[in-house]
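# Tertiary structure, described
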Protein chains: 4
Amino acid sequence: MAPLQGFLPPRTPEGRASIVRPPPWHYSGDIVTIEYRTDPSRVAALLPDGIDLADDDPGAVAILWADWQSCSDSFEELDDPVRAQYKECFVVVRCKWRGQHYSRCVYIWVDTDFALARGWHQGYPKKLGAIHMTRPVTVGRAGPRLEPGGRFGATLSAQGRRLAEARFTITGPSEGAGFVNALPMLHSRDWPSIEAGAPPSMKELVTMKGRDVELGPAWTGGAELNVFSSPTEELSALGPREMIAGYFRSVGVTFEGGTTLDAARGE
Amino acid sequence: MAPLQGFLPPRTPEGRASIVRPPPWHYSGDIVTIEYRTDPSRVAALLPDGIDLADDDPGAVAILWADWQSCSDSFEELDDPVRAQYKECFVVVRCKWRGQHYSRCVYIWVDTDFALARGWHQGYPKKLGAIHMTRPVTVGRAGPRLEPGGRFGATLSAQGRRLAEARFTITGPSEGAGFVNALPMLHSRDWPSIEAGAPPSMKELVTMKGRDVELGPAWTGGAELNVFSSPTEELSALGPREMIAGYFRSVGVTFEGGTTLDAARGE
Amino acid sequence: MAPLQGFLPPRTPEGRASIVRPPPWHYSGDIVTIEYRTDPSRVAALLPDGIDLADDDPGAVAILWADWQSCSDSFEELDDPVRAQYKECFVVVRCKWRGQHYSRCVYIWVDTDFALARGWHQGYPKKLGAIHMTRPVTVGRAGPRLEPGGRFGATLSAQGRRLAEARFTITGPSEGAGFVNALPMLHSRDWPSIEAGAPPSMKELVTMKGRDVELGPAWTGGAELNVFSSPTEELSALGPREMIAGYFRSVGVTFEGGTTLDAARGE
Amino acid sequence: MAPLQGFLPPRTPEGRASIVRPPPWHYSGDIVTIEYRTDPSRVAALLPDGIDLADDDPGAVAILWADWQSCSDSFEELDDPVRAQYKECFVVVRCKWRGQHYSRCVYIWVDTDFALARGWHQGYPKKLGAIHMTRPVTVGRAGPRLEPGGRFGATLSAQGRRLAEARFTITGPSEGAGFVNALPMLHSRDWPSIEAGAPPSMKELVTMKGRDVELGPAWTGGAELNVFSSPTEELSALGPREMIAGYFRSVGVTFEGGTTLDAARGE
């Protein structure tokens, strides 16, 4: 009997049914990044034991909206774009572990199952949501241009509740697109046992970063953000105390894998 | 009592609840157009009494996928993009009425209610569907460039059934983006009476075209199209006998209104 | 050439592609009705010129959640339930026209296109929404029983915003299921011209009621309702000042058609 | 700092944001079960190394459609049914491991994220899909009664492609509701390392079964099943060679946890 194929479940004779093809995964997309400061104690409250606040600007937060196409190394998903396109909204903070600074995603919502599964593999704590962000246009009146005055809206909902709304207006070009999501990621991959009360079946601290990064021109400007409460969310505890800036940039990146830093931390 | 407000239902004190704001409606979007020839009798079978096949190339059909942003004259929808963005797939033929040639939309699927309502106002026979089309990118590996070799997929589903799949690969720049959807539209706005057996409450033949058209560069290339059968669709009767070409172009346009050509045709 | 077929667009050679099959339409479903009183001026503000408040209890409002199966006279939709099932949330007031009292639907959200189209035909001002209501169960712990203590939740969202939330707990059996949605409906079927500034293409006042009504046992109890504001809704202006009661009942009904009361009212 | 809370990611100060509340999970729902025989080699091809075909009737397969409400021990989800309701379609075979016979789920699609996450915890290889099944009714004409002649349709789609369609017509009451999904489950919980080429981070064989099972009356009858091919599915390889029967039954059950049978099988 041939062994079962498939990077993730379901595992099958041909491996075609897996919820996602194996890495590398290539991404091309547009990203709106909104950076702001919250009370640092709210960031600290989201870090696991043993992971500390960043040394400088510890209350800095980035909330990002991304409109992606992604594919495996076969590129076949691009011919059937329901398999390639998704949107996501995610919240990133910085932290320190064993003397190194990292970025860490504390909340993230996506709108397809393949992106959800990929995120859980990488340690992104993904849930499903409805994500929208204004697209820049080059013709007509129904959209902003990538130039001063260009104005973007971005929204997040889950389970029929609006969770976040941002607006961003370009004032000019920018060297970069923010500093909060700029470090290697430090993510937890923790999975409980099927047995109640037993130690976790997986408890890992991993790091990862993209390769083959290709960046479009960055634009910056002023930003507003509102977050709303929900019985199934805690995002509103991480609301803005002071806005930093907004950014728009197109990004290309490939994800191949990461490094396990600690495989039984805390047990 | 102040009169009720609202371009379409529901009509309310403030007019904010209407399924769509009043025209003018501004659109900016990307369009993939696939042109082909079918058996002319299949086109004729979709034309109402009194409307004839086009004189030349009467079996020509265009199926278009469009990824739109649209808004009213307040532009407020662009700040809340769930109110602005939608995708559609539509099928256009040409026809002749009283000696004039027109384009006519015979099938169309969209993915939001405001676009559905707007279409019914204009005479587009809209239903809901799931529409996907590959987006061109400028960075990274997960998408085509707008240049020779750029390759696009486009799909349509409704009620969980795949109805159409197209592929298009750019071979070079183009003067235009096809001829089938290029004439003023000739649309029917027919609505039955609430009384069984009574004459229609509305039975109009209208024409319309956009204004303030702004066009991006056009690209052309080879195209494939497959259409599939469904118990609730007749698109498969309009399948390709011969492919003509595919096109990609960004389009900006404003729709303000049209002209009623005949308000009781056929009664 | 055979004439085009189809009760509503698109009209086609076989009539299978119409967004909905012709009436009669048969419905079987479960309905949660929440009745309350609002400021009567808020009801009056939603009535067109010439339609007056009900004589007694003019501020009474019913908001109903319904979980339907529906089909045409061929019953084929029941074999392919994506064509038969939908949920809706709607708001009904009472009014008086030419000395007769009627029920009138002022807001309604559904979750399929065929139900949207059917509603527009009948004069229901439908938009798309996300509708949920707790289902009664007969086994297990994950749902209420149809008996005293049975507790139901019902929610409405549109465009990712929560618009209404209700709770209802059964206290006992009931003779009926409310009085607000109990009269023949008085609906407007108004459609603008394609020509800006021209008189409407359709402007009708119609009445309709179901036939072959079959009712399950009714249950009543206490109810709560919260309505929320949205830039595209005015439901929050119709919030509760005083709750009346909640009801649960299964209903079967057939809709065949209605009567046009006035076909050019107001021009 | 208080430790982070949450059964599954995201882990947060309050634990409210977790994609799902901790077990026990209570379920109440209606299940349509279709049993048939396929080529036993097709079943064998879906079993991991070391797991064998069942001794008798090794080609037996059950495909089940379920319309669930579920909740945690707080029961709060039932007041906000978007958090409680979901539908699923799943395919079960039987197998033998170390002399014991088990049921095993080889494919499953659900329509919410909380059900997806819960399934991954239990070893169900869940993906998202669109699932529909006809509901029995007690009034009106738009649905079957739970009695001989009652007729049900059930469909599955994913990524806009129809994957399976079943029909089932009741001929009479039944002792049980099939034998394929009746054994304790044998599931794999395998998760790759973040490091390419490294051994899996989790590789478990687990068993589980529900407790507090409460069963409604079972109905049986004849069934048909069609499965369709898709580039991202292998269900069509498991098509029916011979139908066995269909069943309808309402089921209540509680899931608390399972037992890890083997935690490094195959490494």
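Above this text sits the structure in question.
Since we're looking at a predicted model, the values are computed, not measured.

One frequent convention defines the size of an interface as the accessible area lost when the parts assemble. If you look at the interface, chain D gives six residues, while chain B gives six residues. If you sort the residues of chain D by the area they bury against chain B, Gly160, Arg161 and Arg162 of chain D come out on top, with a joint share of 79%. Linking chain D with chain B are two salt bridges, by the criterion used here. Where glutamate 165 of chain B meets arginine 161 of chain D, a salt bridge forms, and the shortest distance between an N and an O atom there is 3.4 Å. Counting the contacts that link chain D with chain B gives eight residue pairs in polar contact (both at pLDDT 80 or more). By residue number, the principal contributor to the side of chain D that touches chain B is strand β9 (residues 161-174) of chain D, which donates three residues. Here the side of chain D that touches chain B is composed, by residue class, of no nonpolar, three polar and three charged.

What follows covers helix α2 (residues 113-122) of chain C. All names here are of chain C. Buried residues dominate α2, accounting for 10 of its 10 residues. Taken together, the buried positions of α2 are occupied by Asp113, Phe114, Ala115, Leu116, Ala117, Arg118, Gly119, Trp120, His121 and Gln122. Positive backbone phi, at 95 degrees, marks glycine 123, one or two positions downstream of α2.

This part is about the relation of the copies chain D and chain B. With an RMSD of 0.0 Å, chain D superimposes on chain B once it is rotated by 180 degrees and translated 0.0 Å along the axis. What the rotation and shift describe, once combined, is the action of a two-fold rotation axis. A high fraction, 100%, of the interface residues of chain D reappear at the interface in chain B, so the copies pair face to face through one surface.

It is worth spelling out the interface of chain C and chain B at this point. The interface of chain C with chain B comprises 61 residues on the first partner and 61 residues on the second. Regarding the contact of chain C and chain B, the summed buried area is about 5500 Å², with carbon and sulfur atoms giving 61% of it. On the chain C side of the interface with chain B, the three residues burying the most area are Trp191, Ile194 and Glu234 of chain C, jointly 15% of the side's total. For the pair chain C and chain B, the interface holds two salt bridges. One salt bridge connects aspartate 80 of chain B with arginine 161 of chain C, and the closest N-O pair in it is separated by 2.9 Å. The tally of links between chain C and chain B comes to 34 residue pairs in polar contact (both at pLDDT 80 or more). Residue assignment for the side of chain C that touches chain B shows that the elements contributing at least two residues are β5 (100-110), α2, β6 (126-128), β10 (185-191), β11 (202-208) and β15 (258-262) of chain C. Each residue belonging to the side of chain C that touches chain B can be placed in one class, and the counts come to 31 nonpolar, 13 polar and 17 charged.

Here, disulfide denotes a covalent bond that connects the sulfur atoms of two cysteines. Residues and elements named next belong to chain C. Evaluation of the coordinates by the stated rule reveals zero disulfides over all chains. No disulfide involves cysteine 89; its sulfur sits 9.5 Å from the nearest other cysteine sulfur, which is in cysteine 105. With a relative accessible area of 0%, cysteine 89 lands in the buried category.

Under the fitted operation, chain C is carried onto chain B by 0.0 Å of movement along the axis and a turn of 180 degrees, and the coordinates agree to an RMSD of 0.0 Å. Interface overlap between copies is the fraction of interface residues in one copy that are interface residues in the other; for chain C against chain B it reaches 100%, indicating a shared surface.

Moving on, we come to the pairing of strand β8 (residues 151-158) of chain A. Residues and elements named next belong to chain A. In terms of residue burial, β8 counts as a mostly covered element, since seven of its eight residues are buried. Taken together, the four bridges between strand β7 (residues 130-133) and β8 define a ladder with antiparallel strand orientation. Bridge pairing links isoleucine 131 to leucine 156 in β8. Pairing of β8 with strand β9 (residues 161-174), which is carried by eight bridges, proceeds in the antiparallel orientation. Along β9, the bridge assignment pairs alanine 158 with arginine 161. Connecting β8 to the next strand, β9, in antiparallel fashion are two residues, including glutamine 159 with a positive phi near 50 degrees.

The rules behind these values
- Residues numbered from 1 in each chain as written.
- Chains lettered and ligands numbered in written order.
- Predicted model: local features only at pLDDT ≥ 70, side-chain atom pairs only at ≥ 80, totals over all residues.
- Heavy atoms only, no water.
- Contact = heavy atoms within 4.5 Å.
- Buried area = accessible area lost by both parts, 1.4 Å probe.
- Salt bridge = Lys/Arg side-chain N within 4 Å of Asp/Glu carboxyl O.
- Polar contact = N/O pair within 3.5 Å; in protein donor to acceptor, adjacent residues only side chain to side chain.
- Helix = DSSP H or I, 4+ residues; strand = E, 2+ residues; numbered from the N terminus.
- Nonpolar A, V, L, I, M, F, W, Y, C, P; charged D, E, K, R; others polar.
- Buried < 20%, exposed > 50% of the residue type's maximum accessible area, 1.4 Å probe, protein only.
- Least-squares fit on C-alpha atoms with pLDDT ≥ 70 in both.
- Disulfide = S-S within 2.5 Å.
- Pairing = 2+ DSSP bridges.

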